[in-house]
Amino acid sequence: MSDVSILKARADFLRAARAESQGTKGFHMQARKRDEGEAADTPIRLGITCSKKVGNAVARNRAKRRLREAGWQILPDRGQPGWDYVLIGRRDVTAKRPWPDLLEDLRGALNRIHGV
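The rules behind the values
Residues numbered from 1 in each chain as written. Predicted model: local features only at pLDDT ≥ 70, side-chain atom pairs only at ≥ 80, totals over all residues. Heavy atoms only, no water. Helix = DSSP H or I, 4+ residues; strand = E, 2+ residues; numbered from the N terminus. Contact = heavy atoms within 4.5 Å. Salt bridge = Lys/Arg side-chain N within 4 Å of Asp/Glu carboxyl O. Buried < 20%, exposed > 50% of the residue type's maximum accessible area, 1.4 Å probe, protein only. Pairing = 2+ DSSP bridges.

Draft legend 1. The arrangement of the environment of Gly79 in detail. When you line up the elements, Gly79 lands in the loop between helix H2 (57–78) and strand S5 (83–89). Among residues more than four places away in sequence, those in contact with Gly79 are Ile44, Ile74, Tyr85 and Leu110.

Draft legend 2. The pattern of salt bridges, seen in detail. Taken as a whole and judged by the stated rule, the model has eight salt bridges. Salt-bridge contacts for Arg34 lead to Asp84; the nearest nitrogen and oxygen are separated by 2.5 Å. Of this pair, Arg34 sits in the loop between strand S3 (27–33) and strand S4 (44–49) while Asp84 sits in strand S5, placing them 50 residues apart in sequence. Taking the relative accessible area as the measure of exposure, Asp84 reaches 0% and is therefore buried. Here Asp84 ties to Arg45 by a salt bridge, and the two come within 2.8 Å at their closest N and O atoms. You can see Asp84 sitting in strand S5 and its partner Arg45 sitting in strand S4, a full 39 residues away along the chain. If you follow the salt bridges from partner to partner, you end up with Asp12, Arg15, Arg32, Arg34, Arg45 and Asp84 in one network.

Draft legend 3. Expanded view of the pairing of S3. Burial of S3 is extensive: five of the seven residues sit out of reach of the surface. Hairpin connection from strand S2 (residues 20–23) to S3: three residues lie between these consecutive antiparallel strands. Both S3 and S5 contribute to a ladder of seven bridges, which runs antiparallel. Bridging from a neighbouring strand, Lys33 pairs with Trp83 of S5.

Following this line, the structure appears as structure tokens:
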């Protein structure tokens, strides 16, 4: 987790929304390469969001915890320095998707975004 910091500012989420995106079965991912000099002290930043469409508070929080943990596990090895990644939970899927499948969704989305 040391190489990944949390994305908090709304403006950063909005910039990521205008960048590349990749859908998976378990979630939707938005990814953006930051401009030179912009938050250079953090190589990779991760943002998580789940709207009320995902479910009640329990389902949303579970989905966010699972996405956050997946990001912390996968992004240090597969993410690119200088990029922001926003993971968006999907209704009735993110909280219930098997853990290995969720991790594989993230690996696949990163491969497609970065052309690997």
